[in-house]
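# Fold and contact review
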4 protein chains.
Amino acid sequence: MSEPEIHPHDPRWRRLPEERPRQILLAAIEVFGEYGIAGAKLEEIATHAGVSKGTIYLYFQSKEELFREVVRQLLVPAIAELEREVTGGNAADQIERYLRVHWARFERPGTAGWVRLVLTELPKYPDLAAFYFDEAIAKSNHVLGDILRRGVASGEFRTIEPVVAISMIKAILLTHVLWSEAPMPETLSAVRPRADRIDDIVDFVLHALRPCAPSHAAL
Amino acid sequence: MSEPEIHPHDPRWRRLPEERPRQILLAAIEVFGEYGIAGAKLEEIATHAGVSKGTIYLYFQSKEELFREVVRQLLVPAIAELEREVTGGNAADQIERYLRVHWARFERPGTAGWVRLVLTELPKYPDLAAFYFDEAIAKSNHVLGDILRRGVASGEFRTIEPVVAISMIKAILLTHVLWSEAPMPETLSAVRPRADRIDDIVDFVLHALRPCAPSHAAL
Amino acid sequence: MSEPEIHPHDPRWRRLPEERPRQILLAAIEVFGEYGIAGAKLEEIATHAGVSKGTIYLYFQSKEELFREVVRQLLVPAIAELEREVTGGNAADQIERYLRVHWARFERPGTAGWVRLVLTELPKYPDLAAFYFDEAIAKSNHVLGDILRRGVASGEFRTIEPVVAISMIKAILLTHVLWSEAPMPETLSAVRPRADRIDDIVDFVLHALRPCAPSHAAL
Amino acid sequence: MSEPEIHPHDPRWRRLPEERPRQILLAAIEVFGEYGIAGAKLEEIATHAGVSKGTIYLYFQSKEELFREVVRQLLVPAIAELEREVTGGNAADQIERYLRVHWARFERPGTAGWVRLVLTELPKYPDLAAFYFDEAIAKSNHVLGDILRRGVASGEFRTIEPVVAISMIKAILLTHVLWSEAPMPETLSAVRPRADRIDDIVDFVLHALRPCAPSHAAL
DNA sequence: CATGAATGAGGCTTCATTCAT
DNA sequence: CATGAATGAAGCCTCATTCAT
């Protein structure tokens, strides 16, 4: 209909073989996060990546394999990387730092989709889930477990099974990430929209861990 | 054609027509919970309900409308019903009771699907989410908020914004329900499989709420 | 563009579950025969059968499975059926009858495609080929072998390995069927278009089998 | 950039550019022969030829044009060349020589693909078929026709229309070449695998041609 | 010249929805 | 009412063809 102005340097596409896979993966994690595996359309991933449908197949064998690579190349490294950032200070400081580092990480737009991805899609792929657990979860569990054990030993924390505390901490963190994005977070949770929700989380977790006098909660 | 009560060649038995919609809704919540909205197939819902695909359309206009009715007729009432069961005792007892009642409720097979539905599918339908919030969440928030306010007032709990405590409690509860289900709970969380996980939850929550100073034990 | 006259009894389709599979198979054998498995389009098979694309999948799991059923339900029975028609007379008469019966069979329009199907597609499916061999080829070999052995024993035919004569007879028959249809038969063979090509075939085969005086061909 | 003869780091060796089209044609006839026109992938032809996909388009306008050139530049000359080799001896000797020369020719690996190409793909391209007929078939028909006419005239052969004998001879020859190849020859034909199948063919053809009456041996 | 990255039309397949029975 | 056969839009994937490098 409209004559696009044709310049001699108006190529329809460019050769970017080095960047393509990453472009596609980044587009994929976004779209998968929003719609899930079944609901994500390759067409949309391609558009987001600025390529055509067929191009995806130059780098990934299938939609499922693309999802697998998203987990392998983006999810797992991103999670694994977080663990390195938690250092220094006493146990409570480290817990706080752990929470804030993760929160900051997940505040980046589009990352809440990751949580949904992990919660709802990963269980369908046992091998992926196992890989994810080994490479990402186990490490963070180790980091958190160390902090908790140290805190308990030093009396900074009350006596608590590290594995239990870990699951509570992660439950709180992940769910609030999920609630923090998307349409109407406050609708599904009870949370009033607050930018500093992470303060509440830190506060709640540290209170739950602090040592106690004659506890009535031991019942 | 139909002389249902007497004829010896009568096929097994037949449900009253009025029950059809409910059969379908029950099948739908199960299948939606397992596969999500996009992944659920009407064929499978029909099979679960013991009817044919076409029959669904006699009672529901479309797949989406069916999902809406699932939320309206099953999810909301089921959640709303729970709130009535929490009564009596001091604030800590009531919190514990709240947690245990909900946990027991969600331990029924198939109910973890509800949680996934609410956490991951509902946000896509703002109007449904609002309805769900008004009819189900708001009530439970009210119940919990009352308990918390009373506990804080009586000194049983530390000073904490009820709305914050509510979101923490629900985050922990819902996530553990999700993890307690079928495919590899312990793989994606850090949780060792334990039947008494609810004890850990109660313990953690009450510790988080108890007063700060060397407790001069309320009550 | 054109308003089709809508009568109250102008249904867009009719329920014909009994006939559908056969309609589709008949359309499929035609289209497969013309284009091969890869070249055949389900769209065209559907059109030939007077149904929509989706309908094919109500009765056949996939394009390949459709092809398999064509072989199983149409090709093999059609070939097998032929063998029953060869009876009576001396050996030469029976050979002639065998040739003419098969020729008549393959003269039906569309059947030359069968030959191409068997020659070019069947080898790709070893299990199908084995089935076809057992159910169709082996029987016809048996029939032909019997005739030949009897002819040799009675002195009606010269001494010849039945298995050799069989392959010669089939080679001649199949190739001429292939040449007998399609665009320009006489172009690829040397054959002038003649309705009574089968007479030439009968003549040639019987001459090749007839007993001989001091043979110079025995070298 | 290119100093091909001297440099020690010169990659292996390189074909002269003039050979490229031939490389591609040779690869193409192989792949076309195995998979047919529709089933053949340019990617595979390129790989076989040791070039890239794009290179094919430097020499051939399209896949179909490539097939046309295969017929024009390889099939036709190869067939035409065969005719020159049949000389000397009496008619029967020449027929035998014709059969053995062709058989030897087609025994070269990959050449059975030619037969399939001619029998099953060529008919789809009437102009190609006509060209093939004029350039290859007509010549061989002429050669064979001459032999046959001479044989009939000398009494060495029985009275038979040359054109008929030609089609029988070619039918037998081509089909057995097809069956002699790779996937389950003995399954689709009745032929036991035998290295000396050509002896059977020669024997059968000569018997079919020999004079009828108690032979007073010509020559 | 040669490459191979990129494209996009076209085919197979699924499944929500419709409708004759 | 209920059925399930039939439809067809839409999505995944392939591969002949184009074109920047």
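My aim in this report is to walk through the structure given alongside it, one point at a time. Bear in mind that the values here come from a model prediction, so they are computed numbers and not experimental data.

### Some remarks on the overall build of chain A
In terms of regular secondary structure, chain A is built from 10 helices and 0 strands. Along chain A, helices (α) and strands (β) appear in the sequence α-α-α-α-α-α-α-α-α-α when read from the amino end. Per-residue burial over chain A gives 50% buried out of 219 residues. If you take every contact in chain A between residues at least 6 apart in sequence, the share linking residues at least 24 apart comes to 66%. Entry remark: accessible area of chain A is about 10,800 Å², with carbon and sulfur atoms responsible for 54%.

### Quick notes on helix α6 (residues 112–121) of chain C
The buried fraction of α6(C) is high, at 10 of 10 residues. Looking at α6(C), one finds that the buried residues are A112(C), G113(C), W114(C), V115(C), R116(C), L117(C), V118(C), L119(C), T120(C) and E121(C).

### Brief notes about the protein's contact with DNA strand F
Neighbouring DNA strand F are 39 residues; Y57(A), T55(B), Y59(B), T55(C) and Y59(C) lie closest to it. In DNA strand F, atoms within 4 Å of the protein come 70% from sugar and phosphate. One of the backbone nitrogen or oxygen atoms of S52(B) is found 3.2 Å away from a phosphate oxygen of DNA strand F. Here Y57(D) contributes a side-chain N or O atom positioned 2.7 Å from a phosphate oxygen of DNA strand F. Going through the elements one at a time, α3 (53–59) of chain A, α3 (53–59) of chain B, α3 (53–59) of chain C together with α3 (53–59) of chain D are the ones with two or more residues in the surface near DNA strand F. Partitioning the surface near DNA strand F into residue classes produces 16 nonpolar, 8 polar and 15 charged.

### Some points on the pattern of salt bridges
Under the criterion given, the structure shown has 44 salt bridges over all chains. One salt bridge in this structure joins K53(C) and E43(C), with 3.7 Å as the shortest N-O distance. Of the two residues, K53(C) is situated in helix α3 and E43(C) in helix α2 (residues 42–49); the sequence distance between them amounts to 10 residues. Among the residues examined, E43(C) registers a relative accessible area of 44% and is labelled partly exposed. Here R149(D) ties to D146(D) by a salt bridge, and the two come within 3.6 Å at their closest N and O atoms. Of this pair, R149(D) and D146(D) both sit in helix α7 (residues 126–154), 3 residues apart, roughly one helical turn. Judged by relative accessible area, R149(D) falls into the partly exposed class, the value being 45%. D146(D) sits in the partly exposed class, given a relative accessible area of 33%. Connected via shared salt-bridge partners are E64(A), R68(A) and D127(A).

Criteria and thresholds
Residues numbered from 1 in each chain as written. Chains lettered and ligands numbered in written order. Predicted model: local features only at pLDDT ≥ 70, side-chain atom pairs only at ≥ 80, totals over all residues. Heavy atoms only, no water. Helix = DSSP H or I, 4+ residues; strand = E, 2+ residues; numbered from the N terminus. Buried < 20%, exposed > 50% of the residue type's maximum accessible area, 1.4 Å probe, protein only. Contact = heavy atoms within 4.5 Å. Areas by Shrake-Rupley, 256 points an atom, 1.4 Å probe, with all protein chains shown as cover. Near = heavy atom within 4 Å. Polar contact = N/O pair within 3.5 Å; in protein donor to acceptor, adjacent residues only side chain to side chain. Nonpolar A, V, L, I, M, F, W, Y, C, P; charged D, E, K, R; others polar. Salt bridge = Lys/Arg side-chain N within 4 Å of Asp/Glu carboxyl O.

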